[in-house]
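Commentary on secondary and tertiary structure
These are the residues of each chain, in order.
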Amino acid sequence: MKQKECVAMLLAGGQGTRLKSLTKQIAKPAVYFGGKYRIIDFPLSNCTNSGIDTVGVLTQYEPLILNDYIGIGSSWDLDRKFGGVSVLPPYMQADGGDWYTGTANAIYRNIKFLNQYEPEHVLILSGDHIYKMDYEEMLDYHKATEADATISVLEVPWEDASRFGIMNTNESGRIVDFDEKPAYPLNNLASMGVYIFKWDVLKQYLIEDEQKPNSSHDFGKDIIPAFLNDDRRMMAYTFKGYWKDVGTVDSLWEANMDLLSENPELNLNDYSWQIYSKNPNQPAQYIAPTAHVRNALINEGCRVHGTVDTSVIFYGVHIEDSALVKDSVIMPNVKIGKNVKIYRSLIAEGSVIEDNTVIGNPEPDSDITLHAEEGSVMATNYAVTN
Amino acid sequence: MDRIAGIINLDHEQDLLDELTYFRCGAAVPFAGRYRMIDFAISNMANSRIESIAVFARRKYRSLMDHLEQGKAWDLDRRSGGLFILPPDWNDPTDMSRGDLQHFHNNMDFIQRARADYILVSGSQNICNINFQDVLQEHKEANADVTVIYKEVDELYPEHRLAHKLDIDEQNEVLDINNDQKSTKVYMDMYLIEKNFMNKLIEESIAHGHSHFFLEGIKGRLQEMRVHAYEYKGTHALVNSVESYFRNSRKLLNREEHDGLFKEDSPILTKVKNEAPAKYLQDSDVKNTLVANGCVVHGHVEDSILFRGVKIGKGAVIKNSIIMQRCEIEDNAVLENVIIDKDCKITGGRTFIGAPEKPYVLAKRKSM
């Protein structure tokens, strides 16, 4: 009987309300990042690069673009005969049906999916974070420590610790307590929302949790506390590297700006750990004689006649003469007219900025402006192939 | 709807691009920052709803096969039809044919089995954006046996010396195909022919011991059939020498030329590489240049083309040059009028300057 050692389940049903109009019509994992990617490219590419070839993607909120984008997974080499990527929305059963009521409930409702592969371990991921991580190393640690659950943690600066879920550990790295956003943190190991469970153990807890009437069916609020309560062996696996929650307009802008330094912590040009995405297959970008470009990421299909300074430009963007784009993120197929000035802004996909318009505030440390036209986010214009 | 099948016939194409064709055939030469020459023929076919395409390859086709894969980039990885790469069959004992007729002979099955009423045959050296359905329309209206495609060029360049020219009457019927050095009607090495008629001509050509299907089977028998000329009016470049490669590549820095070739509704597609967006550092200075993804630019670049994954170091100056995939130009190097093939490395402080009309060409994987 064929089986998979580890199957990944990617929670991609979140709305991400703090991203405002960027997620009005698309789920948060489908939000654009880094000049060509969507957030979900990072966990999916990490899976492929870590040798995990079976991924269930749990969708719920506005799944159209996400479904279309994932397709059969060929962009991430996840089109496989046995396994590969499966999109798992909530569904009806003989005794009725309902939306996923929590992260744990979403996995509970897909026990049948997981049972197909008889996995020993299940990797739980979320589609909210930008990072490059070798899940295989974490799995090795999980197996070596014979843990029932392993939670990936990041050392955060002590002053930030109260913004995260903090894992309190003993000397051997075993998790003894969990504090959600503690006012007085005892530790600075923040949970990254990446878990590996022994599947037979998790399955039992999911079934039990489902019976509890007061449970919110959430990993952080219900499952992890239940494991702690029963003294289950839970280990903290320390991840070192770039990791960013891009849940707000500010943090999304910031994460884009992080890419512009000379040697960014998140290296997108690393051929040994490529981030895959659906490629628009447009012509090489053209930088005109009138253009000034510095400190920028620019994608294919762009045509730049104006000035681009410290900005991230997605594919198919046209920037006309005498326009200025500074400290901004311009999403796909935006057309920027002559003499437009854009400062400290995120411009949503497909926007058309008329000549002489000024958007955003040039003052350093001023608020980031989000410019989205009605319906512009829906314009899925990535022409063809993966 | 009438269906067309495609044949990209590379058999008789000469690999005349010096260092660029030492290790690859002309069809596999990189072009326009991220494409290969053959992408234009294949994309034009795919955009014209040609869903079954055979590539007749003879020499140095390793990198061509690597590039085309199963035709995925053009949506040609189909259960029925799709892309067929057909190198010569050296071992067919019944095959007495020579030249490209050997290819037509060995691959009669492709022609007969293709779900198509017409066959469009094309080479790879004529860069254009053409719709073959329009050609078919005119072919039928003219009630022709064969329709050949030509470009009326404004100015004759050395590359046109090698091309065939058409002599046509007012009804666009072809009177002669020749090498008239003064004619501006350049045959684009593309023709459309009805499938059964083609079968018959191939068999007759084989029976007569011909070795070149178009030259002997069609051009040599012009008086026996109705050959119509279709004028292609869009952006065109004939690339059959280093000089024409260099000049026509740099023509793409002109917006009109560029947009005539790369259109949203009939896109030229190529193998996907998954490179990150191009990165421009604080000290970069780029003007009038095509830049592909994966590039990291510190230095000064003008009037040039940078292919995917090129690194340009600090203080480096690149002018009027074509730098191919994954080359690394170190700090303070100076390059002018050069073509540098893939995976080359120019060490810091070096200077290479070619002549504006005769660029210096550096072969693949060299380190200078």
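Computed from a predicted model, the values in this text were never measured in an experiment. (Residues numbered from 1 in each chain as written. Chains lettered and ligands numbered in written order. Predicted model: local features only at pLDDT ≥ 70, side-chain atom pairs only at ≥ 80, totals over all residues. Heavy atoms only, no water.)

1. Points about the UniProt feature "binding site: alpha-D-glucose 1-phosphate" (unreviewed entry) in chain A
All names here are of chain A. In the numbering used here, UniProt assigns the feature "binding site: alpha-D-glucose 1-phosphate" (unreviewed entry) to Tyr100, Gly165, Glu180, Lys181 and Ser191. Judged by maximum C-alpha separation, these annotated positions cover 92 residues in sequence and are scattered in space, the widest gap reaching 24.7 Å. Cross-referencing the annotated residues with the lining of the largest pocket gives Tyr100, Gly165, Glu180, Lys181 and Ser191. Relative to the helices and strands, Tyr100 resides in the loop between strand E7 (96–97) and helix H3 (103–108). Within the secondary structure, Glu180 sits in strand E12 (residues 175–180). Beyond its immediate stretch of four places on either side in the chain, Glu180 contacts Phe164 and Gly165. (UniProt positions renumbered as here; feature names shortened; annotations may be inferred. 1 Å grid on protein atoms, 1.4 Å probe; cavity = no way out; pocket = protein on both sides within 12 Å on 5 of 7 lines; lining within 4 Å. Helix = DSSP H or I, 4+ residues; strand = E, 2+ residues; numbered from the N terminus. Contact = heavy atoms within 4.5 Å.)

2. A few points about the domain arrangement of chain B
All names here are of chain B. When the domains of chain B are assigned, the result is domain 1 (4–261) and domain 2 (279–362). Placing the centre of domain 1 and that of domain 2 at their C-alpha centroids yields a distance of 33 Å. In this assembly, 20 residues from domain 1 lie in contact with 23 residues from domain 2. Counting each side, the surface lost to burial between domain 1 and domain 2 is near 1800 Å², with a carbon and sulfur contribution of 65%. The largest per-residue losses of area from domain 1 upon contact with domain 2 belong to Gly33, Phe246 and Leu253, which jointly make up 34% of the total buried on that side. Where domain 1 packs against domain 2, one counts 1 salt bridge. One salt bridge connects Arg24 with Asp341, and the closest N-O pair in it is separated by 2.9 Å. (Domains from an automatic or database assignment. Buried area = accessible area lost by both parts, 1.4 Å probe. Salt bridge = Lys/Arg side-chain N within 4 Å of Asp/Glu carboxyl O.)

3. What about the sheet that holds strand E15 (residues 285–287) of chain B?
Residues and elements named next belong to chain B. The strand order across the open sheet formed by 5 strands is E15-E18-E21-E24-E27, and the pairing between neighbours is parallel. In this open sheet, the two edge strands, each paired with only one partner strand, are E15 and strand E27 (351–353). Averaged over all neighbouring strand pairs, the angle between strand axes comes to 5°, with direction disregarded. Where strand E21 (residues 317–319) meets strand E24 (residues 334–336), 3 bridges bridge the pair, whose relative direction is parallel. Across the sheet, Lys319 pairs through a bridge with Glu336, a residue of E24. (Pairing = 2+ DSSP bridges. Axes fitted to C-alpha atoms, helices over the stretch in contact; angles between N-to-C directions.)

4. Examining the pairing of strand E8 (residues 146–152) of chain B
Residue and element names in this part refer to chain B. By the criterion of burial, E8 is predominantly enclosed, with 6 of the 7 residues buried. Sheet topology note: the E8/strand E11 (residues 185–194) ladder contains 6 bridges and is antiparallel. In the sheet register, Val146 faces E11, and the bridge partner there is Ile193. Bridge count for E8 against strand E12 (residues 227–231) is 5 bridges, and the pairing is parallel. Following the sheet pairing, Thr147 is matched in E12 by His228. (Buried < 20%, exposed > 50% of the residue type's maximum accessible area, 1.4 Å probe, protein only.)

5. Considerations on the packing of aromatic side chains
Under the counting rule described, the total for this entry stands at 27 aromatic pairs over all chains. Ring centres of Tyr69 of chain A and Trp76 of chain A lie 5.4 Å apart, and the angle between their planes is 65°; on these two criteria the pair is classed as edge-to-face. Taking relative accessible area as the criterion, Tyr69 of chain A reaches 3% and is therefore assigned buried. Taken together, the ring pairs connect Tyr195, Phe197, Tyr205, Phe219 and Phe227 of chain A into an aromatic cluster. Its guanidinium or amino end placed over the ring of Tyr35 of chain B, Arg34 of chain B lies 5.1 Å from that ring's centre, counting from NZ or CZ. (Phe/Tyr/Trp six-rings, centres within 6.5 Å; stacked < 30°, edge-to-face > 60°. Lys NZ or Arg CZ within 6 Å of the ring centre and 35° of its normal.)

6. Notes on the pairing of strand E5 (residues 82–86) of chain B
Residue and element names in this part refer to chain B. In terms of burial, E5 is a largely internal element, 4 of the 5 residues being buried. Alignment of strand E4 (residues 52–56) against E5, held across 5 bridges, turns out to be parallel. Bridge pairing in E5 places Ile53 opposite Leu83. Chirality of the crossover, the property in question, places the unit of E4, helix H2 (residues 62–68) and E5 among those that are right-handed. (Right-handed = clockwise from strand over helix to strand, strands pointing away.)

7. Some thoughts on the confidence of the model for chain A
Residues at a pLDDT of 70 or more form 96% of chain A, whose mean pLDDT is 92. A low-confidence stretch, residues 375–386 of chain A stays under pLDDT 50, and its non-local contacts, those more than four residues away or across chains, total 47 contacts. (pLDDT = per-residue confidence, 0-100.)

8. Section: the side chain of Glu159 of chain B
All names here are of chain B. In this fold, Glu159 is placed in the loop between E8 and strand E9 (165–168). Glu159 gets classed as buried once you look at its relative accessible area, which sits at 3%. A polar contact of 2.7 Å, which involves the side chain of Glu159, links it to the side chain of Arg247. In contact with Glu159, not counting residues within four places along its chain, are Leu238, Asn240, Glu243, Ser244, Arg247 and Asn248. (Polar contact = N/O pair within 3.5 Å; in protein donor to acceptor, adjacent residues only side chain to side chain.)

9. A look at the sheet that holds strand E16 (residues 285–287) of chain A
Spatial strand order, E26(A)-E23(A)-E20(A)-E18(A)-E16(A)-E16(B)-E19(B)-E22(B)-E25(B)-E28(B): 10 strands in an open sheet with mixed pairing. A strand with exactly one partner marks an edge of an open sheet, and here the two such strands are strand E26 (352–353) of chain A together with strand E28 (360–362) of chain B. Where strand E22 (residues 322–323) of chain B and strand E25 (residues 338–340) of chain B come together, 2 bridges link them in parallel fashion. Bridge pairing links Ile322 of chain B to Ile339 of chain B in E25 of chain B. Across the sheet, helix H8 (residues 242–251) of chain B is in contact with strand E19 (305–306), E22, E25 and E28 of chain B; its angle to E25 of chain B comes to roughly 95°.

10. Some words on the packing of helix H6 (residues 199–211) of chain A against helix H7 (residues 219–229) of chain A
All names here are of chain A. Across the interface, H6 lies against H7 with an axial gap of 11 Å and an inter-helix angle of 115°. Remark: the crossing between H6 and H7 carries right-handed chirality. Contacts between H6 and H7 involve Val201, Leu202, Tyr205, Leu206 and Asp209 from the first element and Phe219, Asp222, Ile223, Ala226 and Phe227 from the second. Classifying every residue of the contact of H6 with H7 gives 8 nonpolar, no polar and 2 charged. (Left-handed = near helix turned anticlockwise from the far one by under 90°. Nonpolar A, V, L, I, M, F, W, Y, C, P; charged D, E, K, R; others polar.)

11. A word on the domain arrangement of chain A
Residues and elements named next belong to chain A. Each assigned domain of chain A is listed with its residue range as follows: domain 1 (6–260) and domain 2 (286–371). The C-alpha centroid of domain 2 is placed 34 Å from the C-alpha centroid of domain 1. Across the contact, 18 residues belong to domain 1 and 22 residues belong to domain 2. Both sides of the domain 1 and domain 2 interface together cover about 1600 Å² of buried area, and 75% of this is carbon and sulfur. Of all residues in domain 1, Tyr32, Trp253 and Leu260 bury the most surface against domain 2, accounting for 43% of the area lost on that side. For the pair domain 1 and domain 2, the interface holds 0 salt bridges.

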